[in-house]
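# Remarks on the overall topology
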Amino acid sequence: MSDLVVLGLKVGYLALLWLFIAFVANVIRTDLFGRKVPAVELAQSSLEAATGGKQKLSRKASKQLPTVLKVTHGRQAGVTLSLGAGILIGRGTECQLILDDDYASTQHARIVLTGNGYQVEDLGSTNGTYLNNQRIVAPTAFGPADILRIGRTLMSVEK
């Protein structure tokens, strides 16, 4: 082979190597800094932080609200957790309900207290969050008659 062809192969190899390094660096950067947060979510979270994450409810409405989330089926069947102003559900250590479920994401879903009661919201999970066997795509009202499914884990709320 001529020296010019060998030089071209070396330069091509180095270019591919640098593209691979740039790709790996981009993946690491995305893992470290996460996704971009839309302005609407940012405004909502700052409003929740300013109000302490609590919504004002009438006495009658607050007495009718469920207070406990209970795991009814799955590896953690029987586990109960107080709802309070809301909880984060997933496999991550920052979650209030840590699921031992292979089909749950690190931060899978969130249950929040709103002015009308509790709502469940999918946090962009891979396998989805199901309320009464219907996949939810937006925050959805969640009450005592509803069954929440994350992976193979079933949950309900109780008073």
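The coordinates are above.
Residues numbered from 1 in each chain as written. Predicted model: local features only at pLDDT ≥ 70, side-chain atom pairs only at ≥ 80, totals over all residues. Heavy atoms only, no water.

The next thing to look at is the packing of aromatic side chains. What the rule picks out here adds up to zero aromatic pairs. A cation over a ring is seen here: Arg-149 above Tyr-130, with NZ or CZ 4.2 Å from the ring centre. (Phe/Tyr/Trp six-rings, centres within 6.5 Å; stacked < 30°, edge-to-face > 60°. Lys NZ or Arg CZ within 6 Å of the ring centre and 35° of its normal.)

A word on the sheet that holds strand β7 (residues 129-131). Here six strands make up an open sheet; going across it, the order is β2-β1-β11-β10-β7-β8 and the pairing antiparallel. Because the sheet does not close on itself, it has two edges, and the strands there are β2 (80-82) and β8 (134-135). Sheet analysis places strand β10 (residues 148-150) next to strand β11 (residues 153-158), joined by three bridges and oriented antiparallel. From the neighbouring strand, Leu-148 faces β11, where its bridge partner is Met-155. (Pairing = 2+ DSSP bridges. Helix = DSSP H or I, 4+ residues; strand = E, 2+ residues; numbered from the N terminus.)

Mapped onto the fold, Gly-124 is located in the loop between β6 (117-122) and β7. The exposed category is assigned to Gly-124, whose relative accessible area is 69%. Sequence separation between Gly-124 and Ala-109 is 15 residues; the distance between their C-alpha atoms is 8.1 Å. (Buried < 20%, exposed > 50% of the residue type's maximum accessible area, 1.4 Å probe, protein only.)

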